[in-house]
Amino acid sequence: EDWTGEAVDEAEEHRAQRLLEQGLKRLGYRYIGEVRGQDRYLLSAWIRDQCKIPMSWLTERFSLKSKGGMRHSVHLVCKRIQQDKKLRQRWNSLN
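The following refers to the structure shown. (Residues numbered from 1 in each chain as written. Predicted model: local features only at pLDDT ≥ 70, side-chain atom pairs only at ≥ 80, totals over all residues. Heavy atoms only, no water.)

## Here's the deal with the packing of helix H2 (residues 38-50) against helix H5 (residues 85-94)
Interhelical geometry of H2 versus H5 gives an angle of 45° and a closest axis separation of 11 Å. Between H2 and H5, the angle falls in the class oblique. In this structure, the crossing between H2 and H5 has a hand that is right-handed. Along its contact with H2, which presents Gln 38, Asp 39, Leu 42, Leu 43, Ala 45, Trp 46 and Asp 49, the element H5 presents Leu 87, Arg 90, Trp 91 and Leu 94. Residue composition of the contact of H2 with H5, grouped by class: seven nonpolar, one polar and three charged. (Axes fitted to C-alpha atoms, helices over the stretch in contact; angles between N-to-C directions. Helix = DSSP H or I, 4+ residues; strand = E, 2+ residues; numbered from the N terminus. Parallel < 35°, antiparallel > 145°, perpendicular 65-115°, else oblique. Left-handed = near helix turned anticlockwise from the far one by under 90°. Contact = heavy atoms within 4.5 Å. Nonpolar A, V, L, I, M, F, W, Y, C, P; charged D, E, K, R; others polar.)

Structure (structure tokens):
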């Protein structure tokens, strides 16, 4: 059985959506429109850590303009988690 293609993409999107909803609650948000600043990138990094979802999917969900900008910001947040205690605590609240 081949576990690739459209069926897998759809399953991963459903999984990412569930993770997004869980992550919002864990960070204290009621809906995605409330999420601002680095929390968008923190949530995106966490979701990508849990499932295979394209950066474009996350860019659309957070109403951002550029998946390149999203990719860069996710990378920066991941680096900062190690150095920033408050950010690390928020990351830990997701796990």
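That shown, we press on.
## Some thoughts on the nonpolar core
Of all hydrophobic cores here, the largest spans 26 residues; its most connected members are Leu 43, Ile 47 and Leu 58. In terms of residue count, the dominant contributor to this core is H2 (six residues). Beyond its immediate stretch of four places on either side in the chain, Leu 58 contacts Ser 44, Ile 47, Arg 48, Ile 53 and Met 70. (Core = buried A, V, L, I, M, F, W, Y, C linked by side-chain atoms within 4.5 Å. Buried < 20%, exposed > 50% of the residue type's maximum accessible area, 1.4 Å probe, protein only.)

## Focus: helix H4 (residues 67-81)
The end-to-end C-alpha separation of H4 is 21 Å, in line with the 21 Å expected for 15 residues at 1.5 Å each. Elements in contact with the buried residues of H4: H2, helix H3 (55-61) and H5. Backbone nitrogen of Gly 68 and a side-chain oxygen of the N-cap are separated by 3.2 Å at the start of H4; the cap is Ser 66. (Expected span 1.5 Å × (residues − 1). Polar contact = N/O pair within 3.5 Å; in protein donor to acceptor, adjacent residues only side chain to side chain.)

## Here we look at a negative patch on the surface
Where like charges cluster on the molecular surface, the negative patch consists of Glu 6, Asp 9, Glu 10 and Glu 13. Position of Glu 10 among the secondary structure elements: in helix H1 (residues 6-26). (Patch = residues over 30% accessible without salt bridge, like charges linked within 9 Å, V, L, I, M, F, W, Y side chains within 5 Å. Areas by Shrake-Rupley, 256 points an atom, 1.4 Å probe, with all protein chains shown as cover. Salt bridge = Lys/Arg side-chain N within 4 Å of Asp/Glu carboxyl O. Lys, Arg positive; Asp, Glu negative; His and termini not counted. Charge placed at Lys NZ, Arg CZ, Asp CG, Glu CD.)

## Focus on the pattern of salt bridges
Throughout the structure, instances matching the rule amount to four salt bridges. A salt bridge links Asp 39 to Arg 90; its shortest N-O distance comes to 2.8 Å. Residue Asp 39 is located in helix H2, and its partner Arg 90 is located in helix H5; the two are separated by 51 residues in the primary sequence. Taking the relative accessible area as the measure of exposure, Asp 39 reaches 7% and is therefore buried. We classify Arg 90 as partly exposed; its relative accessible area is 27%. The closest approach of N and O atoms between Arg 61 and Glu 60, which form a salt bridge, is 3.6 Å.

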